[in-house]
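Structural features, examined
Residues per chain, in single letters:
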Amino acid sequence: KRLDIGGGTPQTLTDANNRGGAWGPDGTILFAQTSENILSRIPASGGKPVAVSKLEKQGSHRFPQFLPGGRQFLFYAQGTPETAGIYLGSLNSSETKRLAAADTAGVYSMNGWLLFIRAGTLLAQRLDLGQGKLTGDPVTVADPVAFDPGAFAGAFSVSADGLVAYRSGGAGQRQLVWFDRSGKTLGILGEPDANGLAAPRLSPDGRRAAVHRQGNGDIWLLDAARTTRFTFDANLDRFANWSPDGSRIVFDSN
């Protein structure tokens, strides 16, 4: 929706999902229309969305940010470790370029730095807009910095003059724990996990658990000895369940 500062009724522009948006200097609004899709553009007056990116072995595009000049933009792509990260796009083309592997969307500072979180550390690296690539080595800004591995959002912001604000702390860790019916702790299953481990389902024999991890959007299997990846693609694979004989797993995927 668009709400004029002077007041009045909010104007509905188009359907959109809560995965970020940006308003360009020429009135173009760039946004993620769904949580599992590409980026689209519309004029600030509303209209039919027009695609500005395309999926290339990725799960979704989100959190766009316009760069100086209003034609290029940054966004985050969810996917496998080889495809996830921060990308550079342009309103003039649907072709995009991966700039860096990262756990969160990046934020561009007007003094020429790109900031992003990798493994809980807030990093900054020079972005050459003319060549469309990062230069030099990344510099540590703060460690640890909180982030949401499910939404790929970092708890930091950068002002126009380069001042950085952030919330300390890493991603929340989760671990599966065995309890008896009286509430007594009996043991653990798997190691502490900072990738949004969720929706555990026990196998029929009670020896393994199927879970999904938000960081890579895949199903994993846990037992007393190891954690094993079960799905290997850029899609969001979630909510596993076992067949009665434990030989198959059914799960949701986009």
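Because the structure is predicted, anything quoted here is derived from the model rather than measured.

Moving on, we get to the sheet that holds strand β12 (residues 133–142). As summarised here, the arrangement of the four strands in space is β9-β10-β11-β12, forming an open sheet in which the pairing is antiparallel. Strands at the two margins of the open sheet, each flanked by one partner only, are β9 (107–108) and β12. Note that strand β10 (residues 113–118) and strand β11 (residues 121–128) share six bridges and pair antiparallel. Within β11, the residue paired with W113 across the bridge is R126.

When you line up the elements, T80 lands in the loop between β6 (72–79) and β7 (85–90). T80 gets classed as buried once you look at its relative accessible area, which sits at 13%. Each C-alpha atom, one on T80 and one on G59, is 8.4 Å from the other, the two residues being 21 residues apart in sequence.

Moving on to the sheet that holds strand β20 (residues 209–213). Backbone-to-backbone hydrogen bonds join strands into a sheet, with any given pair of strands oriented parallel or antiparallel. Within the open sheet, the four strands sit side by side as β19-β20-β21-β22. Their pairing is antiparallel. Each edge of the open sheet is held by one strand with a lone partner, namely β19 (198–202) and β22 (227–229). Going across the sheet, the axis of each strand differs from the next one's by a mean of 25°, ignoring polarity. In the sheet, β20 pairs with strand β21 (residues 218–222) via five bridges, with the strands oriented antiparallel. Across the sheet, A209 pairs through a bridge with L222, a residue of β21.

Residue P144 is bonded to the preceding D143 through a cis peptide linkage, with omega at 0°. Residue position: P144 is located in the loop between β12 and β13 (147–148). Despite not being glycine, F63 has its phi angle at roughly 55°, a positive value. With respect to the helices, strands and loops of the structure, F63 is situated in strand β5 (residues 58–66). Of note, A199 is a non-glycine position whose phi angle comes to about 55°, a positive value. Looking at the secondary structure, you find A199 in strand β19.

Below, the discussion takes up a nonpolar patch on the surface. A surface patch of nonpolar side chains, amounting to about 280 Å² of accessible area, comprises V177, F179 and I188. For F179, the location among the structural elements is in strand β17 (residues 174–179).

Under the defined criterion, the tally for this structure stands at three aromatic pairs. Note on F73 and F75: the rings are 6.0 Å apart at their centroids and 40° apart in plane angle, and the pair reads as tilted. A residue is classified by how much of its surface remains accessible, and F73, at 0% relative accessible area, is buried. For F75, a relative accessible area of 1% corresponds to the buried category. Here the aromatic rings of F75 and Y87 are separated by 5.6 Å at their centres, their planes lie at 20°, and the arrangement is stacked. Of the two residues, F75 sits in strand β6 while Y87 sits in strand β7, which places them 12 residues apart along the sequence. Linked through ring pairs, F73, F75 and Y87 together constitute an aromatic cluster.

β5 sits mainly inside the fold: seven of its nine residues count as buried. Joining the antiparallel neighbours β5 and β6 is a turn of five residues, in which G69 adopts a positive phi near 100°.

Scoring rules and cut-offs
Residues numbered from 1 in each chain as written. Predicted model: local features only at pLDDT ≥ 70, side-chain atom pairs only at ≥ 80, totals over all residues. Heavy atoms only, no water. Pairing = 2+ DSSP bridges. Helix = DSSP H or I, 4+ residues; strand = E, 2+ residues; numbered from the N terminus. Buried < 20%, exposed > 50% of the residue type's maximum accessible area, 1.4 Å probe, protein only. Axes fitted to C-alpha atoms, helices over the stretch in contact; angles between N-to-C directions. Patch = residues over 30% accessible without salt bridge, like charges linked within 9 Å, V, L, I, M, F, W, Y side chains within 5 Å. Areas by Shrake-Rupley, 256 points an atom, 1.4 Å probe, with all protein chains shown as cover. Salt bridge = Lys/Arg side-chain N within 4 Å of Asp/Glu carboxyl O. Phe/Tyr/Trp six-rings, centres within 6.5 Å; stacked < 30°, edge-to-face > 60°.

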